[in-house]
Amino acid sequence: EAIQIGEKAKSYIKGDHTFNCTILAEAYMNNKQFQKAFEYATKAYEISSRGKDANASGEAHKILGKVYEKMGKDDSAIYHLEKSMNYFLQMNSSHDLSNIYELLSKINADKGEYKKAYTYHELFSELKDSSIMKSQIDKVRFEYDEKQTRLQHEKEKKLIESEQEK
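The structure reproduced in this document is the subject of the present report. Small disclaimer: the values here were computed from a predicted structure and weren't measured. (Residues numbered from 1 in each chain as written. Predicted model: local features only at pLDDT ≥ 70, side-chain atom pairs only at ≥ 80, totals over all residues. Heavy atoms only, no water.)

To continue, consider the pattern of salt bridges. Counting across every chain of the model gives seven salt bridges. A salt bridge links aspartate 75 to lysine 111, with the nearest nitrogen and oxygen atoms 2.5 Å apart. In this pair, aspartate 75 sits in helix H5 (residues 74–91) while lysine 111 sits in the loop between helix H6 (94–110) and helix H7 (114–165), placing the two residues 36 residues apart along the sequence. A relative accessible area of 36% means that lysine 111 is categorised as partly exposed. A salt bridge links aspartate 110 to lysine 106, with the nearest nitrogen and oxygen atoms 2.9 Å apart. Linking aspartate 110 with lysine 106, this pair stays in helix H6, spanning four residues, or about one helical turn. The exposure class of aspartate 110 is exposed, given its relative accessible area of 54%. On the basis of relative accessibility, which here comes to 40%, the residue lysine 106 falls in the partly exposed class. Among the charged side chains, a network of salt bridges with common partners joins Glu59, Lys62 and Asp96. (Salt bridge = Lys/Arg side-chain N within 4 Å of Asp/Glu carboxyl O. Helix = DSSP H or I, 4+ residues; strand = E, 2+ residues; numbered from the N terminus. Buried < 20%, exposed > 50% of the residue type's maximum accessible area, 1.4 Å probe, protein only.)

Moving on, we come to the packing of helix H2 (residues 18–30) against helix H4 (residues 54–70). Taken N-terminus to C-terminus, the directions of H2 and H4 make an angle of 20°; their axes are 10 Å apart at the nearest point. Taken together, the axes of H2 and H4 are roughly parallel relative to one another. The handedness of the crossing between H2 and H4 comes out as left-handed. Contacts between H2 and H4 pair Thr18, Thr22, Ala25, Glu26 and Met29 from the former with Ala56, Glu59, Ala60, Ile63, Lys66, Val67 and Lys70 from the latter. Here the contact of H2 with H4 is composed, by residue class, of six nonpolar, two polar and four charged. (Axes fitted to C-alpha atoms, helices over the stretch in contact; angles between N-to-C directions. Parallel < 35°, antiparallel > 145°, perpendicular 65-115°, else oblique. Left-handed = near helix turned anticlockwise from the far one by under 90°. Contact = heavy atoms within 4.5 Å. Nonpolar A, V, L, I, M, F, W, Y, C, P; charged D, E, K, R; others polar.)

Quick look at the structure:
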């Protein structure tokens, strides 16, 4: 169904858009239609190559790497994932980097490149751990802010009540 929606959406959008092609490539890949996924991933790459959008280029290389991995073309997958990694390092995009490191670790382990696999796994783990820590800190901040707001409202309510008693 996602593929049908994506294909239909294509007709409403004028011009070439890397994002649309990466979404369709991902949908076809998840549906195990690797040739069609490869076509859209390649189109995303071609479109991004004409522009100067680092995020689009990173996404295009990432989807090509993922499709190549699914097709069993590990060297091509690594090439594109490492290109993608460089774009996302420049943008400091930890979410994308985490996904890339995890996939590079898996591919290198499958190839018997255990030292590289371990290095990428370490990088993945560091980002994952820092992401978990950030989530926990954000949760504590939210709870603290919520408690402060509630206390402030109670304080204001008591002040209003005491002024009404006068």
